[in-house]
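Chain and residue survey
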Amino acid sequence: MLSALARSRIFGRPGVECYCQHDSGAAVIQLQFLINEGALVSALADDTLHLWNLRQKRPAILHSLKFNRERITFCHLPFQSKWLYVGTERGNIHIVNVESFTLSGYVIMWNKAIELSSKSHPGPVVHISDNPMDEGKLLIGFESGTVVLWDLKSKKADYRYTHDEAIHSVAWHHEGKQFICSHSDGTLTIWNVKSPTKPFQTITPHGKQLKDGKKPEPCKPILKVEYKTTRAGEPFIILSGGLSYDTVGRRPCLTVMHGKSTAVLEMDYSIVDFLTLCETPYPNDFQEPYAVVVLLEKDLVLIDLAQNGYPIFENPYPLTIHESPVTCCEYFADCPVDLIPALYSVGARQKRQGYSKKEWPISGGNWGVITQITLQVLYKLKTAKVFEKSRNKDDRPNTDIVDEDPYAIQIISWCPESRMLCIAGVSAHVIIYRFSKQEVTTEMLEVRLLYEINDIETPDGEQVPPVPTPGTGSNPQSIVPQVKNSPLKQSPGYQIELVIQLVWVSGEPPQQITSLAINSAYGLVVFGNCNGIAMVDYLQKTVLLNLGTIELYGSNDPYRREPRSPRKTRQPSGGMLTVASCMCGLSNLYSESVKKLRTSYIMLCSRNSWKLGNKEIGLMKDRGTKINGIIASIQVMLKNKKKFNYLISSNLPFFLINTGLFSDVKDNSFSRSRSSSVTSIDKESREAISALHFCETFTRKADTSPSPCLWVGTTLGTVLVIVLNLPPGGEQRLLQPVIVSPSGTILRLKGAILRMAFLDTTGSLVPPAHETWREHHEDKDEKEKAKKRRPVSVSPSSSQEISENQYAVICSEKQAKVISLPSQNCIYKQNITETSFVLRGDIVSLSNSICLACFCANGHIMTFSLPSLRPLLDVYYLPLTNMRIARTFCFTDNGQALYLVSPTEIQRLTYSQETCENLQEMLGELFTLVETPEAPNRGFFKGLFGGGAQSLDREELFGESASGKASRSLAQHIPGPGGIEGVKGAASGVVGELARARLALDERGQKLGELEEKTAAMLYSADSFSKHAHEMMLKYKDKKWYQF
C-alpha cells in the first residue's frame, strides 16, 4: 500500500504486517514488487527510486536513485526481469538495472517515438508495458492520447495510435494482438495492434446511448482499466471511474464488465488504485482472475470475482479502526485472561452477512510473535444507538469535522476486571455500560433534576421556572442528541446502564467534560468540567455530588476569594421538599455568577420494571432542612405520562453551586494558561477538573487506616480529597445512602494535574478497588450468594497500623511529586520541563518495577523511577504537530505506547530496551520463496512456425557494452542504510558490529545461494557435454580414416 505521507505498509497472510517509512517525507506514487525475489521498488514524488530488501524481518533500503532533471511519472518492471522502465514528465523513458540500481545508456526519447510531422509535445508518460507475446515490443502511452509500439532492437516505432481524448491507462490482451485504453471522457477504446488508423471498438460503460448514431454524452474520466481473460468464458474488463456527470453525490465506484453483464460496486471512499489477482504471473497466458484488491483512501477492500454478486472478503487487517476519525484512545495491558475470549465471543456475532465464503487470498510471509506485534479488532460498540436519529437532513451535523459530531467520544474510563465501561461525549453526555452475555430489552425512565439558585428576593417565590428543553435555545444550531423514549433491545456485549446528559439553558451550551472516572467496587461514576464536579451512584441511580470547582476548597481557598453571603431566599412552593446536605456549609461560597438557573438532565436506563414508590426506588423520608441560598427539587415522570406523578426528595446528599456554567468560555486544554500563579478572578473561574482517581488510602494526617476516597486534580495544580462513606455490601448497598464529605486535604503542584497513583511501602502499585465481573442477569440463588459477598472491604482490620504508609504519586504538566501518607510530606520532587509542558503522564510497570512515563509537547519521551523520581530516559521522538496526537497518545505497561498517526491509523512504539532487543524475534518473515509456476506451453506448431512468446536478451541490449554509460548528471546513486555501505557509515560499537556482521552474513548467504545455483548449472552443462561427447565417440569409433 502506498501513502501520501511517505509511508508504505506491506501485508501478507493475516498477522503478517510491516510498516516502511521514507525519510524524505515525499508521497509514494508507485510500488513494484520483484516477484519471488524478496525486493520492492518504490517511486516517490520527489523523483527518487528506492530498492527495499524484504528478505530481512525489518525491510531496509538497499539503493536509491535520485533523478535530477526529470520528473518520474510511471514505472514498469516486467516479470523475471532486472531492468526497470521509468517514464518521465518530459515523455522520455529511462532504464534502470535493479541489481546495481544504475541507469542504462539506452534511452527512448519522446521526439523519436512520435511522428516527425507532429508539432506538439505528447505529454508525460502514463503507461509502459511490453507485448505479452514479444518482449522486444514496448507499448508507450502518452497523456495527450498518443500510444506508440516501440521496437527495442531496431530503436524505432513500429506503430503509432492517436486519439482525441487524453489517456489515463492501457492494458494488454494476453495474446498480444489487442490492447485497451481508458480516456478522460469516460470511454474505452480497443485497438488491434496492426490497425493503428482507428480503434477496433469504442465503449462508454456509463454513458447514455443517444439515437441517430450520435456519440454518447461525455462522462467522468476512467482512471484505470484492466483486461483479464479466462479459458472458459468471456474476459473481464475492470475499471474505476467513468460515471456520468449527472450522478451527483454518488459514491466512488468500481465497474466489473464480464460478457454482457456490468456490475457497479460502490465504495465508501475514493479509489486510489486497484489490482487484479490472477492464477498465473505470466502475461502471455490466460490470467484466470479470481479477486480484485481495491485500495481506498481509508481502507483496503478485496472483491471475490468467482462468486455471484461479487462479495467482498472479510478483512483481517486492522486498517480502519472506525468509519469516522478516532478521537480518543486508551491502552490496557495485562488484562484478565477471560476478558479477550469474552470480547471475541460477543464480537463474532457482530459480523455482517454477505462476505465471501473463501479464505483471505493474500497468504505471503510467516507469522512472528503475533500477540506482541499485530492488532485485531475484537468488538465494536456504537454509543449513538441510545439517541434518536435526526430525521431532518438540515439538522444533521457535518461528521467530517470531529468537533461538530454530537456523538464524538472524548474520554474513556474502563475497568477490565469488572468490565464496566464509561464514556464521555462531546455533547456533555456520559454513558455507563455493563457487560452481559445475554440479550435484554431495556425500559427507559427519565428523571429530570431541577436545581434553582437565587440571591435576589422575588415576589413570585412560589413559581417554579420551566425546565428548558435541549435544542430549543435561540441558536438554531443548538442541536443535542435526544435519548430514545422507546424500549431498547440490546445485544450481548456492552449494554447501557445509565445515561447522563447536560442540556442547553437559555441558548447556552453546557461545558464539555474534561475528566471522568468509574469504580465498580464503589458503584460510583464521577466527572468534571471547567465549572465543577458531579458524582453519580449508578447502582441507586442517584446524584451524590454536584459542586462548583471553587466550592470544593471550602475555607481553605488558596486564592482567598471573598465569600458572598446569600440573600434571603424564598421557601419552596407547596409540595416542594428541600434536601439536606452534609456539605451545606460550603454553599455560602458561590460567586456572583450564581444567578442563573442550572439544570442537569439525567436519563436513566433501568433494567427492571421500576414502580413509582419509595420502596422500589429506595428513597428516605424528607429531612426537611433548608440549604442557604439553594432550593433543590426533583421531578420524576415517565415518558408515557403527560403530568408529574409526584415530587420526592433524594435520600442522598447532592449539591449544585453554579460558577458560571453557562458563561461563554471556549475552554481548550492546550491553549489555557500554563502558570500556577493565578492572580485574576477570570483565571480562577476557569479552573477545571483535570484528573480524578478513586482509591483506598489515608485522607487526613491523623488517619490510622486507609478508607475509600476520591482524589480530584484541577488545572491550577490543586489536588483535593473527598471521603466516601460506603454502606455495607449486598442488599444494604442498594438501600442505604453513600455519604460524601470533604477531608480538607489540599496539595499543590505547578501546572494542571494529569495523573495520580498510589504505591505501597514496597514501591508496588496499589490498584483501585474493583469488583470481579459476574453476569448481572443471574438466578435468585446466585443473587443471594452475591448479597453475602463483599467485593471490597471498606473498613480495614484494626491490626493495620499507621506505620503501613502509602505514597501518592502526582504528575502535572510541569512537575511530579511523591507524597508520603498519611503525613502528607513531599519526599521527592522532580521538575519535568520548564520550556514545554507534559501532554500525557502515566504510571506504568516496566521490567518488574514501577515508573512514571511522560510525553511532552516538545516531542520528548521521559521516564522517571518511583518513588525516587530519578530520570531514567529522555529521548526526542515526535513533536506535537496536531491535536490528534495530544488526544490519543497514551502509555501502558511493558514499555509500550501508541497514538493515532492519522484519523484511522494506530502507531505503536516501545521505549523498553528489552523489547527492542527482542523485536527481531517478534517480527514475522515477509519473504517466503515459492515455486514459480511453469511457463505456458508454446505448442508444436507455434514453435515450428515461430509463433508464441518471443524472448529478449535485455542484458545484451541494455548493458554497458551495447548502450554505453548514462549521463552522470541525469541521476545520482545513493547507497541505502540497508546495504553494506550504509552500515559502514553507522555508529561504531557492539550494536554496529553485530549489524554489519549480520548483514554481511545475509549477503554472504545470498551469494552462496547464487554460487550454488551457478555450480548446479555448470554441472548440468558438463554432464550434457560429456553425454554428447560419448555419443560422438561411439558414432565414429569403428570408422576408418577414409570414411570420415
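Because the structure is predicted, anything quoted here is derived from the model rather than measured.

Counting its regular elements, the protein chain contains 14 helices and 54 strands. Taken across its 1044 residues, the protein chain has 49% of its residues classed as buried. Long-range pairs, those at least 24 residues apart, make up 59% of the contacts in the protein chain with a sequence separation of at least 6.

Using the criterion set out here, one finds 21 aromatic pairs in the structure. Centroid distance Tyr161 to Trp191: 5.7 Å. Interplanar angle 65 degrees. Geometry classified as edge-to-face. Here Tyr161, found in strand 14 (residues 156-162), pairs with Trp191, found in strand 17 (residues 188-192); they are 30 residues apart in sequence, far enough to count as distant. Accessibility classification places Tyr161 together with Trp191 in one group, the buried group. Here the aromatic rings of Trp711 and Phe758 are separated by 4.9 Å at their centres, their planes lie at 80 degrees, and the arrangement is edge-to-face. Note that Trp711 is positioned in strand 40 (residues 707-714) and Phe758 in strand 43 (residues 753-759), a separation of 47 residues in sequence. The buried category is assigned to Trp711, whose relative accessible area is 1%. Classification of Phe758 as buried rests on a relative accessible area of 1%. In textbook terms, an aromatic cluster arises when at least three aromatic residues are bridged by ring pairs, as seen for Phe855, Tyr877, Phe889, Phe891, Tyr899 and Tyr911. The ring of Trp773 has Arg419 lying over it, and the distance from NZ or CZ to the ring centre is 4.1 Å.

What follows is about the UniProt feature "repeat: WD" (unreviewed entry) in the protein chain. In the UniProt entry, the feature "repeat: WD" (unreviewed entry) is given for residues 160-195. A helix fraction of 0% and a strand fraction of 56% characterise residues 160-195, whose end C-alpha atoms lie 9 Å from each other.

Counted under the stated rule, the structure contains 24 salt bridges. Asp151 is the partner of Lys137 in a salt bridge, and the nearest nitrogen-oxygen pair spans 2.6 Å. Highlighted residues: Lys137 in strand 12 (residues 134-142) and Asp151 in strand 13 (residues 146-151), separated in sequence by 14 residues. For the pair formed by Lys137 and Asp151, the shared burial category is buried. We note a salt bridge from Arg840 to Glu330, for which the minimum N-O separation is 3.0 Å. With Arg840 in strand 47 (residues 838-846) and Glu330 in the loop between strand 25 (300-304) and helix 2 (339-348), the pair connects residues that are 510 residues apart, well separated along the chain. On the basis of relative accessibility, which here comes to 29%, the residue Glu330 falls in the partly exposed class. By sharing partners, the salt bridges in this structure join Glu330, Arg755, Arg840 and Asp842 into a single network.

With that settled, the discussion passes to the environment of Gly186. Tracing the backbone through its elements, the reader meets Gly186 in the loop between strand 16 (178-183) and strand 17. Setting aside residues no more than four positions away along its own chain, Gly186 makes contact with Ile203, Thr204, Pro205, Cys219, Lys220, Pro221, Ile222 and Gly242.

Most of strand 45 (residues 815-821) sits out of view: seven of its seven residues are buried. Note that strand 44 (residues 806-812) and strand 45 share six bridges and pair antiparallel. Looking at the pairing, Ala808 lines up with Ile819 of strand 45. Hairpin remark: strand 44 followed by strand 45, antiparallel, with two residues in the connecting loop. Here six bridges tie strand 45 to strand 46 (residues 825-831), and the two strands are oriented antiparallel to one another.

All right, on to helix 2 then. Those residues of helix 2 lying buried are Leu339, Ala342, Leu343, Val346 and Gly347. With its buried residues spanning 125 degrees around the axis, helix 2 presents them on a single face. If you follow the buried residues of helix 2, they end up packed against strand 26 (409-415), strand 28 (429-436) and strand 31 (493-501).

Once that is clear, we can look at the nonpolar core. Soluble globular proteins tend to bury their nonpolar side chains together. Counting residues in each nonpolar core, the largest one holds 24 residues, and the members touching the most others are Ile533, Met535 and Leu710. Once you skip the residues sitting within four places of it in the chain, Met535 turns out to touch Leu524, Val525, Val526, Thr542, Val543, Leu544, Leu545, Leu710, Leu724 and Val740.

Further remarks concern the environment of Leu152. Along the chain, the position of Leu152 falls in the loop between strand 13 and strand 14. Between the C-alpha atom of Leu152 and that of Leu952, which follows or precedes it by 800 residues, the distance is 9.3 Å. Ignoring any residue separated from it by four or fewer positions in sequence, one finds Leu152 in contact with Tyr85, Tyr106, Ile108, Glu135, Gly136, Leu138, Leu952, Leu957 and Phe958.

The three strands are arranged 23-24-25 in an open sheet whose pairing can be described as antiparallel. Two strands lie at the open edges of the sheet, namely strand 23 (271-278) and strand 25, each paired on one side alone. Between one strand axis and the next, the sheet turns through 20 degrees on average, direction left out of account. Bridge count between strand 23 and strand 24 (residues 289-296): seven bridges; the pairing is antiparallel. Paired with Ile271 across the strands is Leu296, a residue of strand 24.

Turning our attention to the sheet that holds strand 53 (residues 905-910). Taken together, the three strands give an open sheet; going across it, the order is 51-52-53, and neighbouring strands pair in antiparallel fashion. Each edge of the sheet is formed by a strand with only one pairing partner; in this case those strands are strand 51 (890-892) and strand 53. For this sheet, the mean angle separating the axes of adjacent strands, direction not counted, is 30 degrees.

About the criteria used
- Residues numbered from 1 in each chain as written.
- Predicted model: local features only at pLDDT ≥ 70, side-chain atom pairs only at ≥ 80, totals over all residues.
- Heavy atoms only, no water.
- Helix = DSSP H or I, 4+ residues; strand = E, 2+ residues; numbered from the N terminus.
- Buried < 20%, exposed > 50% of the residue type's maximum accessible area, 1.4 Å probe, protein only.
- Contact = heavy atoms within 4.5 Å.
- Phe/Tyr/Trp six-rings, centres within 6.5 Å; stacked < 30°, edge-to-face > 60°.
- Lys NZ or Arg CZ within 6 Å of the ring centre and 35° of its normal.
- UniProt positions renumbered as here; feature names shortened; annotations may be inferred.
- Salt bridge = Lys/Arg side-chain N within 4 Å of Asp/Glu carboxyl O.
- Pairing = 2+ DSSP bridges.
- Arc of directions from axis to C-beta.
- Core = buried A, V, L, I, M, F, W, Y, C linked by side-chain atoms within 4.5 Å.
- Axes fitted to C-alpha atoms, helices over the stretch in contact; angles between N-to-C directions.

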